[in-house]
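Reading the structure
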Amino acid sequence: MLGSLVASRMAAPSSGSKADHEPFLRQAIELSRRAALDFGTGGAFGALIVKEGQVIATGMNRVVASHDPTWHGEMEAIRLACITLQSFKLPGCVLYTSAEPCPMCLAACYWAGIEAVVYAASVEDALTYGGFDDRPIYEQLALPKDERSIRLTQLLREEALEVWKAYQARPDRVRY
């Protein structure tokens with residue numbers, strides 16, 4: 001089904017020309033069309049991860065179909081790229097996405113070490129045409145912890161620190 005999308009081998013430098021990025025971005029837009037219009041799996045969001053001109057992984061929104069609020073196209077593409085490359089980091093990779101990433105997906109880009117993000121529709125477009133409003137999340141994250149609408153309660157810190165300290169002492173622990 002996505003074979004033609006995965007077969008792409010075009011150049012995708014993060015600082016390349018618009019022409020270098022557009023074919024990959026069109027693939028992301030096509031994935032968004034499939035998610036929203038063909039399959040009805042979620043909103044109009046599609047994404048792909050490209051490294052050295054090769055599509056490593058693709059993803060589309062599956063929030064509705066999976067009943068999972070985290071199954072965004074970007075998250076799926078990042079997860080599959082990590083599996084494909086056998087790494088929890090994606091240096092040298094570019095995320096192409098049909099819409100500007102939400103706070104969760106943007107944070108995942110930072111965690112994964114993605115080099116660049118190229119997107120089509122803006123956050124404002126997603127609000128206007130799809131009713132996707134990320135503004136409350138951005139507003140909440142800007143507040144001090146004790147002022148957020150989701151109450152954060154810290155308990156059993158000392159017990160948790162025992163595990164953290166043992167982890168810190170492991171000479172074979174993976175460095176993030």
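Placed above this text is the structure.
Here goes a summary of the coordinates provided. (Residues numbered from 1 in each chain as written. Predicted model: local features only at pLDDT ≥ 70, side-chain atom pairs only at ≥ 80, totals over all residues. Heavy atoms only, no water.)

Turning our attention to the pairing of strand β3 (residues 93-99). Burial analysis of β3 places seven of its seven residues in the buried class, which makes it a mostly covered element. In terms of strand pairing, strand β1 (residues 46-51) meets β3 through five bridges, oriented antiparallel. Directly across from Leu48, in β3, lies its bridge partner Tyr96. Relative to strand β4 (residues 116-121), β3 runs parallel, the two being bridged by five bridges. Bridging from a neighbouring strand, Thr97 pairs with Tyr119 of β4. Handedness of the crossover joining β3 and β4 through helix α5 (residues 103-112): right-handed. (Buried < 20%, exposed > 50% of the residue type's maximum accessible area, 1.4 Å probe, protein only. Helix = DSSP H or I, 4+ residues; strand = E, 2+ residues; numbered from the N terminus. Pairing = 2+ DSSP bridges. Right-handed = clockwise from strand over helix to strand, strands pointing away.)

This model, assessed by the stated rule, comprises eight salt bridges. A salt bridge links Arg62 to Glu76; its shortest N-O distance comes to 2.8 Å. Highlighted residues: Arg62 in the loop between β2 (54-60) and α3 (63-66) and Glu76 in helix α4 (residues 73-85), separated in sequence by 14 residues. The exposure class of Arg62 is partly exposed, given its relative accessible area of 24%. (Salt bridge = Lys/Arg side-chain N within 4 Å of Asp/Glu carboxyl O.)

Below, the discussion takes up the packing of α4 against α5. Two numbers describe how α4 lies on α5: the axes approach to 9 Å, and their chain directions differ by 20°. On the basis of their axis angle, the class for α4 and α5 is roughly parallel. Classified by chirality, the crossing of α5 by α4 is left-handed. Contact residues: Glu74, Met75 and Ile78 in α4; Met104, Cys105, Ala108, Cys109 and Ala112 in α5. Classifying every residue of the contact of α4 with α5 by side-chain character gives seven nonpolar, no polar and one charged. (Axes fitted to C-alpha atoms, helices over the stretch in contact; angles between N-to-C directions. Parallel < 35°, antiparallel > 145°, perpendicular 65-115°, else oblique. Left-handed = near helix turned anticlockwise from the far one by under 90°. Contact = heavy atoms within 4.5 Å. Nonpolar A, V, L, I, M, F, W, Y, C, P; charged D, E, K, R; others polar.)

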